[in-house]
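Structural overview
Below, each chain spelled out in residue letters.
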Amino acid sequence: MLDKTGVPTDSLVRSRFPDTSFLVKPKAILECYEDISCNPCATNCPFKAITIADGLNSQPVLNPELCTGCGICIYSCPGLAISVVQIVEDKARFKIPYEFLPIPNSGEVWSGLNRTGERICDASIINVTDSKRQDKTVVVTVDVDKKYLYEFITIKVQK
Ligand code: SF4
Ligand code: SF4
């Protein structure tokens, strides 16, 4: 399915999530599904939580025991393939990369989209960061209902 549509299957998506017992704390989700020559996620992680088997050409693997959820890998990834997620009561709290305009503001409610671009839920904007070190990759903290943990991928402004 990934080859034909660019959309990963549900089982492939789930394979990138650590066991939900880890998600009481924020953990990185590495949705990098191709063997490409790339490694800034691994080299920029200050906790050595990401490894790439041959150093460059394999898909990155997260050690959830080492990941602190700091979010540096989110804006280090040129493919915008990394998010961070934590379960907070009945919500899944994501930190996602965002490079479109307009930039959301805290307190707004946007649409939550799935991997095929369909609206699936409300997405409450919790925080937005755009520091110099992020190099124009805005990181948006957003809450969605936790039943969308494996479906939610990004946000779109509500018209
Ligand atoms: S969130 Fe922080 S600790 Fe976890 S993998 Fe990314 S850079 Fe490393
Ligand atoms: S930086 Fe992004 S695209 Fe590159 S290997 Fe890491 S997750 Fe994949």
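What comes next concerns the included structure. (Residues numbered from 1 in each chain as written. Chains lettered and ligands numbered in written order. Predicted model: local features only at pLDDT ≥ 70, side-chain atom pairs only at ≥ 80, totals over all residues. Heavy atoms only, no water.)

**Considerations on the overall build of the protein chain**
On a plain count of helices and strands, the protein chain comes out with four helices and nine strands. Traced from its N-terminal end to its C-terminal end, the protein chain shows the element sequence α-α-β-α-β-β-α-β-β-β-β-β-β. The globule rule puts the C-alpha radius of gyration for 159 residues at 15 Å, and the 15 Å found for the protein chain is close to it. Considering only C-alpha atoms, the protein chain reaches an extent of 45 × 35 × 30 Å along its principal axes. Every one of the 159 residues in the protein chain was classed for burial, and the buried ones make up 43%. Contacts in the protein chain between residues at least 24 apart in sequence constitute 53% of all its contacts with a sequence separation of at least 6. Total accessible area on the protein chain is roughly 8800 Å²; 52% of this is exposed by carbon and sulfur atoms. Each charge sign in the protein chain was given a centre, from 18 positive and 19 negative side chains, and these centres are 4 Å apart. (Helix = DSSP H or I, 4+ residues; strand = E, 2+ residues; numbered from the N terminus. Rg over C-alpha atoms; globule rule 2.2 N^0.38 Å. Buried < 20%, exposed > 50% of the residue type's maximum accessible area, 1.4 Å probe, protein only. Contact = heavy atoms within 4.5 Å. Areas by Shrake-Rupley, 256 points an atom, 1.4 Å probe, with all protein chains shown as cover. Lys, Arg positive; Asp, Glu negative; His and termini not counted. Charge placed at Lys NZ, Arg CZ, Asp CG, Glu CD.)

**Structural notes on the side chain of K27**
Tracing the chain through its elements places K27 in strand β1 (residues 27-30). As a buried residue without a salt bridge, K27 has its nearest oppositely charged side chain in E65, at a separation of 7.0 Å. A polar side-chain atom of K27 sits 2.7 Å from the main-chain carbonyl oxygen of C67. Apart from the residues lying within four places of it in its own chain, the contact partners of K27 are P18, F22, P64, C67, S83, V84 and V85. (Salt bridge = Lys/Arg side-chain N within 4 Å of Asp/Glu carboxyl O. Polar contact = N/O pair within 3.5 Å; in protein donor to acceptor, adjacent residues only side chain to side chain.)

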